[in-house]
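# Fold and contact review
This is what each chain is made of:
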Protein chains: 2
Amino acid sequence: MPSAEPPVSTASATESAAAAAAARSAPATPYLQVDVERLERNIATMQAFCHARGIALRPHVKTHKCLPIARRQLEAGAIGLTVATLGEAHAFAELGQVSILVGYPVFLDAGAAARIRDLSDRVDLILGVDSLDGIRAIAKAVPGARVRVEVDCGLARTGVEPAAAGALGLAAVDHGLEVDGVFTFPGQGYGPGNAESAAAAEADALARAAAAFAAAGLDCPVRSGGSTPTARHVRAGTVTELRPGVYALNDAQQRAMGVAEDDLALSVQASVISTAVAGQFVIDAGSKVLAADRPGYVDGHGWLPDHPGAVFTRIWEHHGVVDTSGLDPRQWPAVGDRIRVVPNHACTAVNLVDELVARHPSGTLERWPVTARGRNS
Amino acid sequence: MPSAEPPVSTASATESAAAAAAARSAPATPYLQVDVERLERNIATMQAFCHARGIALRPHVKTHKCLPIARRQLEAGAIGLTVATLGEAHAFAELGQVSILVGYPVFLDAGAAARIRDLSDRVDLILGVDSLDGIRAIAKAVPGARVRVEVDCGLARTGVEPAAAGALGLAAVDHGLEVDGVFTFPGQGYGPGNAESAAAAEADALARAAAAFAAAGLDCPVRSGGSTPTARHVRAGTVTELRPGVYALNDAQQRAMGVAEDDLALSVQASVISTAVAGQFVIDAGSKVLAADRPGYVDGHGWLPDHPGAVFTRIWEHHGVVDTSGLDPRQWPAVGDRIRVVPNHACTAVNLVDELVARHPSGTLERWPVTARGRNS
């Protein structure tokens, strides 16, 4: 384990001493807690999965925004990191000479040029492009920069048609840029039962994009895809690199898709603050710590692993209302009781807090700063 | 205007010089901007509305979490502030000897007791209660503290039945606490056409709670209600205090309800980052700067005031997809163009950023720290 994170308290000889130490360093509810044992198991499992298939792993760190977690991913064998913004890249540049892909169509205004030149000196930077405007702006700001062409595999968000990837790659070369390949995001794989066909669409789009590169006389060493739900359906030989993010922590959304269950490493620790209205209890965890993400296929605003049958029916900023009609009456909590809630979406929940409370198997708690929190640009 | 906020740049003699100064100090997109002229007009309008009806105004500052805005509200005549958490109360205690209501059923564990005693020394603190457990915990932590009883007026979230308010008030007195009255939140007034009946329910609940206090032999000097949509329907004589929050900034949610239009003071400044997929453009403002709040009655993930007909149809963390099918083709933007988006919910959007960019009528930009950001406990 890395030694750069100063422990808040060290593991004690006895269980009760460890519990006492944990209680001393635990913040007031609501706060976000990471189960370090599950986190490390999740990281190892995805790494082994990719290794067995000869696929490079470049985890998306927008999920956790946290250096101790990225360090664990790199130590486990990840070839580099994926970020969404230049600000996130700056935060993770603290890790040293690491490879960072900005997996996003980067457009640089005059102010961004200086930031990106500084970044290029510190890390091995790869910038996403999906337009000629983007290529021109990057070439002007950082002559000779390395770029990767984004293609669309059916999500219809960003990325050019795979058949157009060759022309864009050629334009990048004409502007003096280095092009290392193509990438896509099969985001349509979210939702129950969608992942397998999304992985097939990803494989098809990357193959067509690589063919377009070949037709333009360009090499295409990297064909990058992936997301947490589609990773298990990846077709070896079609993808050279995967960029899942959520897998390290997981969330109620992944659980609802059947992707995660025993590997939920992130939870909000909350307290019951009211039982004044019959048929429910109210906790201090609302959308300011859980985020308001709620896809239609997720049953509630978060999942209560210790209260089977309870449904998190309504949410405000600082109030979460949990319906107790499906809950064993012996489990009805009282004001002041602690409640554990798994957020629907790990990435947006983590983005709300300045630190994560990491719980080690010994019971020791450690504070991990969410260094890249709010780095939207 | 207060002088404690150091200006980033000062107003220039010519328009172009002012614009240049503004450009120098504007951060990279996406960022949240406050129109100071509209903000101050909104504050003055709500204050005048309350003053004309003999109602005290105690704005909820969880909306903006920002000292320069709270200072303007107090200078305009607000009798104090409402917050949701002890952490927010600590942040606003920086304003000096101000009256702060924690409009929330406060439950104090051992750790919170020291924090609240410190707060009680610095500000005129009032704590919400809706349970005997809460009363006992407060009485133990801060003997003689001032509390206010929360009653439910139909939202069925927190607060006791109005008829039970007297018993709870009496219990507080028995525990040596000072009780200044009752409060309620007519949150069912959100949604088009709901505000008037919610205001009536609020008036009814507060009257019944005050009667329950009288029957228990208790005075009830404060009957506090209010929210931004219900404020205009308030019944004078039934409510002694209003606690709206959003009115200072407003948002797309208030606009959808017909509550705000020319008084939208908050917007995200975004950039177009992709037009690769036909029929849409993609901006760099996603749920990490706009928040994911989307009530059913709001048409899209944010409102684009400068692009009538455009609909913000899909959102991810760093991507916002805007459908252009209803937009005049002459208005189709290009990569790099600036786009203004009014968030659906001001409170959760502001909670995502460390600072607001305040735009003064002169064009000067000033940075306002979001001091109480993330103070969830």
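All values derive from a computational prediction rather than experimental measurement. (Residues numbered from 1 in each chain as written. Chains lettered and ligands numbered in written order. Predicted model: local features only at pLDDT ≥ 70, side-chain atom pairs only at ≥ 80, totals over all residues. Heavy atoms only, no water.)

## Section: the overall build of chain A
For chain A, the count of helices and strands is twelve helices and 16 strands. Over its C-alpha trace chain A gives a radius of gyration of 22 Å, about what one expects of a compact globule, namely 21 Å for 377 residues. Here chain A, with 377 residues, has 60% of them falling under the buried criterion. At a minimum sequence separation of 6, the contacts of chain A that also span at least 24 residues come to 68%. (Helix = DSSP H or I, 4+ residues; strand = E, 2+ residues; numbered from the N terminus. Rg over C-alpha atoms; globule rule 2.2 N^0.38 Å. Buried < 20%, exposed > 50% of the residue type's maximum accessible area, 1.4 Å probe, protein only. Contact = heavy atoms within 4.5 Å.)

## Looking at helix α2 (residues 36–52) of chain B
All names here are of chain B. An ideal rise of 1.5 Å per residue puts 24 Å on 17 residues; α2 measures up with 24 Å between its terminal C-alpha atoms. Buried within α2 we find V36, L39, N42, I43, M46, Q47, F49 and C50. End-on view of α2: buried residues confined to an arc of 165°, all on one side of the axis. Of the exposed residues in α2, those oriented more than 90 degrees away from the buried face are T45, H51 and A52. Its side-chain oxygen at 3.1 Å from the backbone nitrogen of E37, D35 defines the N-terminal cap of α2. One or two steps after α2, the chain reaches G54, where phi turns positive at roughly 70°. (Expected span 1.5 Å × (residues − 1). Arc of directions from axis to C-beta. Polar contact = N/O pair within 3.5 Å; in protein donor to acceptor, adjacent residues only side chain to side chain.)

## Structural notes on the interface of chain A and chain B
When the parts of a complex come together, some accessible area is lost, and that lost area is often taken as the interface size. The partner chain B presents 56 residues to the 56 residues of chain A that form the contact. Interface area for chain A against chain B, summed over the two sides, is near 4,400 Å², with a carbon-plus-sulfur share of 54%. For the pair chain A and chain B, the number of links is four salt bridges. Between R373 of chain A and D354 of chain B there is a salt bridge whose closest N-O contact spans 3.2 Å. For the pair chain A and chain B, the interface holds 26 residue pairs in polar contact (both at pLDDT 80 or more). For the side of chain A that touches chain B, the secondary-structure elements that each account for two or more residues are β4 (99–105), β10 (266–274), β11 (280–283), α11 (287–290) and α12 (346–350) of chain A. Of the residues that constitute the side of chain A that touches chain B, the class distribution is 22 nonpolar, 17 polar and 17 charged. (Buried area = accessible area lost by both parts, 1.4 Å probe. Salt bridge = Lys/Arg side-chain N within 4 Å of Asp/Glu carboxyl O. Nonpolar A, V, L, I, M, F, W, Y, C, P; charged D, E, K, R; others polar.)

## A look at the relation of the copies chain A and chain B
Note on the identical chains: chain A maps onto chain B by a rotation of 180° and an axial translation of 0.0 Å, with an RMSD of 0.0 Å. Here the two chains are linked by the operation of a two-fold rotation axis. When each C-alpha of chain A is compared by its distance to the rotation axis, A292 of chain A comes out closest, at 2.7 Å. A high fraction, 100%, of the interface residues of chain A reappear at the interface in chain B, so the copies pair face to face through one surface. (Least-squares fit on C-alpha atoms with pLDDT ≥ 70 in both.)

## Remarks on the packing of aromatic side chains
Two numbers describe a pair of aromatic rings. These are the distance of the centres and the angle of the planes. One pass over the structure, following the stated rule, counts zero aromatic pairs over all chains. Here R157 of chain A stacks its cationic end above the ring of W316 of chain B, 4.8 Å away from the centre of that ring. Note that R255 of chain B overlies the ring of W303 of chain B, its terminal NZ or CZ placed 3.7 Å from the centroid. (Phe/Tyr/Trp six-rings, centres within 6.5 Å; stacked < 30°, edge-to-face > 60°. Lys NZ or Arg CZ within 6 Å of the ring centre and 35° of its normal.)

## Considering unusual backbone geometry
Along the chain, T29 of chain A connects to P30 of chain A via a cis peptide bond; the corresponding omega equals -5°. For P30 of chain A, the position within the fold is in the loop between α1 (15–25) and β1 (31–35). Residue A291 of chain A is not a glycine yet carries a positive backbone phi of 70°. Its place among the elements puts A291 of chain A in the loop between α11 and β12 (311–315). Although it is not a glycine, N250 of chain B adopts a positive phi angle of roughly 65°. With respect to the helices, strands and loops of the structure, N250 of chain B is situated in the loop between β9 (241–242) and α10 (252–256).

## Topic: the packing of helix α7 (residues 165–174) of chain A against helix α8 (residues 195–215) of chain A
Residues and elements named next belong to chain A. Packing of α7 against α8 leaves a shortest axis separation of 7 Å and a crossing angle of 50°. The angle between α7 and α8 falls in the class oblique. For the crossing formed where α7 meets α8, the hand is right-handed. Facing α7, whose interface residues are A165, G166 and G169, α8 presents A209, A212 and F213. (Axes fitted to C-alpha atoms, helices over the stretch in contact; angles between N-to-C directions. Parallel < 35°, antiparallel > 145°, perpendicular 65-115°, else oblique. Left-handed = near helix turned anticlockwise from the far one by under 90°.)

## A short note on the sheet that holds strand β8 (residues 222–225) of chain A
Residue and element names in this part refer to chain A. As summarised here, the arrangement of the eight strands in space is β2-β9-β8-β7-β6-β5-β4-β3, forming an open sheet in which the pairing is parallel. In this open sheet, the two strands that pair with only one neighbour each are β2 (56–57) and β3 (81–83). α8 rests against β6 (146–150), β7 (178–183) and β8 of the sheet, and its axis sits at about 150° to β7. (Pairing = 2+ DSSP bridges.)

## Quick notes on the sheet that holds strand β5 (residues 124–129) of chain B
Spatially, the eight strands line up as an open sheet ordered β2-β9-β8-β7-β6-β5-β4-β3 (chain B), and their pairing is parallel. Whereas interior strands pair on both sides, the edge strands pair on one side only; in this sheet they are β2 (56–57) and β3 (81–83) of chain B.

## As for the pairing of β11 of chain A
All names here are of chain A. Of the two faces of β11, the one carrying Q280 and V282 and the one carrying F281 and I283 are both buried. Strand direction decides the pairing type here: β10 and β11, joined by two bridges, are antiparallel. Bridge pairing in β11 links V272 to I283. The loop that links β10 with its antiparallel partner β11 comprises five residues; one of these, G279, has a positive phi angle of about 85°. Taken together, the four bridges between β11 and strand β13 (residues 320–323) define a ladder with antiparallel strand orientation. Counterpart to I283 in the pairing with β13 is G320.

## Some details on the UniProt feature "domain: D-serine dehydratase-like" (unreviewed entry) in chain A
Within this numbering scheme, the UniProt entry marks residues 265–360 of chain A as carrying the feature "domain: D-serine dehydratase-like" (unreviewed entry). Helix and strand shares over residues 265–360 of chain A are 9% and 32% respectively, and the end C-alpha atoms of the span are 11 Å apart. (UniProt positions renumbered as here; feature names shortened; annotations may be inferred.)

## What to know about the side chain of Q254 of chain B
Residue and element names in this part refer to chain B. Along the chain, the position of Q254 falls in helix α10. In this structure Q254 comes out as buried when scored by relative accessible area, which is 0%. Setting aside anything within four residues of it in sequence, one finds Q254 in contact with Y190, T228, P229, V246, V259 and A260.

## Structural notes on the pattern of salt bridges
Residues and elements named next belong to chain B. Applying the stated criterion across every chain yields a total of 38 salt bridges over all chains. For R146, the salt bridge goes to E178, with nearest N and O atoms at 3.3 Å. In this pair, R146 sits in strand β6 (residues 146–150) while E178 sits in strand β7 (residues 178–183), placing the two residues 32 residues apart along the sequence. A salt bridge links R208 to D204; the nearest nitrogen and oxygen atoms lie 3.2 Å apart.

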